[in-house]
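# Geometric and topological summary
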Amino acid sequence: MKSAPTLENQKLITCFLPKGKGVEIVAKLNEEKKLFSTNFASGRGRGMAKAVGFGEWMEVDILYVVVEQSQAEEIFDFIFDIAGIDRPNGGLMIQGKLTAATPFALPDF
């Protein structure tokens, strides 16, 4: 039996993506990696789509993915590749310790 996840053995991957990319990445994580511990929101950012001057803001998707520490590098690389982070205006990703989270499970249907 697999032990329950704890904060000590999990990582948080946070991505700032061009608007509209969040849903696509969540779907691919679900389909290809069977990950359900994702969430995303929209916000405003600067400098992802073009050179910006004072006051130029744009909408971005902010993706949060909680993964076991043993999977963190694999999932980080997967998101990096499918999101196109290495392309101009592709976004930004960071990974760090998970400091707090509320576990949830989807019901069986």
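The relative placement of two packed helices comes down to the angle between their axes together with the axis-to-axis distance. Remark: helix α1 (residues 21–33) packs on helix α2 (residues 72–83), axes separated minimally by 11 Å, with the N-to-C direction vectors making an angle of 130°. In terms of orientation, α1 and α2 fall into the oblique class. The two elements α1 and α2 cross, and the hand of that crossing is right-handed. Taking contact as the criterion, the partners of K21, E24, I25, K28, L29, E32 and K33 in α1 are, on α2, E74, I75, F78, I79, I82 and A83. Considered class by class, the residues forming the contact of α1 with α2 number 7 nonpolar, no polar and 6 charged.

Looking now at the side chain of T14. Within the secondary structure, T14 sits in strand β1 (residues 10–18). With a relative accessible area of 10%, T14 lands in the buried category. Those residues within four positions of T14 in sequence are excluded, and the remaining contacts are I62, L63, Y64, L92, M93 and I94.

A regular strand places its side chains on the two faces of the sheet in alternate fashion. In the sheet, β1 pairs with strand β3 (residues 58–68) via 9 bridges, with the strands oriented antiparallel. Residue pairing across strands places C15 opposite L63, the latter belonging to β3. Both strand β2 (residues 38–45) and β3 contribute to a ladder of 8 bridges, which runs antiparallel. In the strand pairing of β3, S42 is matched with D61.

In terms of nonpolar packing, the biggest core is built from 18 residues, with I13, I25, L29, V65, I75 and I79 touching the most fellow members. Contributions of two or more residues to this core are made by β1, α1, β3 and α2. Looking at this core, the element that brings in the most residues is α2, giving 7 residues. Those residues in contact with I13, other than ones at most four positions away along the chain, are L63, Y64, V65, V67, A72, I75, F76, I79, M93, I94 and Q95.

The rules behind these values
Each chain carries its own residue numbering, running from 1 in the written order of its sequence. Local features in this predicted model are restricted to residues whose pLDDT is 70 or higher, and side-chain atom pairs enter the listing and the counts only when it is 80 or higher, whereas totals over whole chains, interfaces and linings include all residues. Only hydrogens and water are removed before side-chain values are computed, so all heavy atoms of the structure are retained for them. To obtain an axis, a line is fitted to C-alpha atoms, over the contacting stretch when the element is a helix, and the angle between two such axes runs from 0 to 180 degrees between their N-to-C directions. Secondary structure follows DSSP: runs of H or I at least 4 residues long count as helices, runs of E at least 2 residues long count as strands, and numbering of each begins at the N terminus. Between 65 and 115 degrees an angle is taken as roughly perpendicular, under 35 as roughly parallel, over 145 as roughly antiparallel, and anywhere else as oblique. Each crossing gets its handedness from the near helix: less than a right angle anticlockwise from the far helix is left-handed, clockwise is right-handed. Every residue pair with non-hydrogen atoms within 4.5 Å of one another is taken to be in contact. Three classes are used: nonpolar for Ala, Val, Leu, Ile, Met, Phe, Trp, Tyr, Cys and Pro, charged for Asp, Glu, Lys and Arg, and polar for all others, with Gly counted as polar. Each residue's exposure class comes from its accessible area (1.4 Å probe, protein chains only) as a fraction of the maximum for that residue type: buried when under 20%, exposed when over 50%, partly exposed otherwise. Following DSSP output, two strands are said to pair if at least two bridges run between them. Within this scheme, the nonpolar core is defined by two criteria: the residues are buried Ala, Val, Leu, Ile, Met, Phe, Trp, Tyr or Cys, and they are joined through side-chain atoms within 4.5 Å.

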